[in-house]
Amino acid sequence: MMNITGSDQRPSQSTYQIPTLDITNIRIFAQFKLEPSATVGIPFPLAIVINNKTHLAQDIDLKVIENDYFILAGEKKSYFTINATSTYIINYTFLPLICGRVMLPRFDIMAPRLGIQLVKPSTERFVFVKPLVSDKLLIFTGSGTGMM
């Protein structure tokens, strides 16, 4: 309601009908499950767990944008449906190629019906990759190589 004083100094009153809005919580989300560290040359698993807590089945569009730091085993592009109030797990295996704090490939996971990204495109995920420790040390010399 709005009160406006008119020219005759009497308040006037107007009533406006406001449309009803339905506010819903987005209850679909993705979680990444992986170890905090890995070792160069030794495969490690990564699981993406997508929870659909809505009362409708949801279509999911998943794309993996690879990088040069890992060899990836798993689906790089997928489109699937998650039933209402259920969970879907996607498993990957990564083989690290370098050591250090290494950025994982980017995952674009979208729920087209809801028009939302389940993972922010700018989100960078890292894993610490340790060097492979061997019981043999390889020594390079100017005349060739030798084992120690």
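Details of the structure are given in the entry above.
Residues numbered from 1 in each chain as written. Predicted model: local features only at pLDDT ≥ 70, side-chain atom pairs only at ≥ 80, totals over all residues. Heavy atoms only, no water.

## A look at the environment of Met-110
As for its position among the elements, Met-110 is in strand β11 (residues 106-111). With 50 residues separating them along the chain, Met-110 and Ile-60 place their C-alpha atoms 5.7 Å apart. What Met-110 contacts, discounting residues up to four positions off in sequence, is Asp-59, Ile-60, Asp-61, Gly-115, Ile-116 and Gln-117. (Helix = DSSP H or I, 4+ residues; strand = E, 2+ residues; numbered from the N terminus. Contact = heavy atoms within 4.5 Å.)

## Things to note about the nonpolar core
One recurring pattern in soluble globular proteins is that nonpolar side chains are buried together. Among the nonpolar cores identified, the biggest contains 28 residues, and Ile-48, Ile-50, Ile-60, Tyr-92, Phe-107 and Ile-109 are the most heavily contacted of them. At the level of secondary structure, the elements contributing two or more residues to this core comprise β3 (28-34), β5 (44-52), β6 (58-65), β7 (70-73), β8 (77-82), β9 (86-96), β11 and β13 (126-130). Looking at which element gives the most residues to this core, the answer is β5, with 4 residues. When residues no more than four places from it in sequence are discounted, the contact partners of Ile-48 are Ala-30, Gln-31, Phe-32, Leu-62, Tyr-88, Ile-89, Ile-90, Tyr-92, Phe-107 and Ile-109. (Core = buried A, V, L, I, M, F, W, Y, C linked by side-chain atoms within 4.5 Å. Buried < 20%, exposed > 50% of the residue type's maximum accessible area, 1.4 Å probe, protein only.)

## Comments concerning the pairing of β11
Across 5 bridges, the pairing between β6 and β11 is antiparallel. If you follow Val-64 over to β11, its bridge partner there is Phe-107. Where β11 and strand β12 (residues 116-117) come together, 2 bridges link them in antiparallel fashion. Pairing of Met-110 across the sheet is with Gln-117, part of β12. What sits between the antiparallel neighbours β11 and β12 is a turn of 4 residues, in which Gly-115 has the positive phi angle 70°. (Pairing = 2+ DSSP bridges.)

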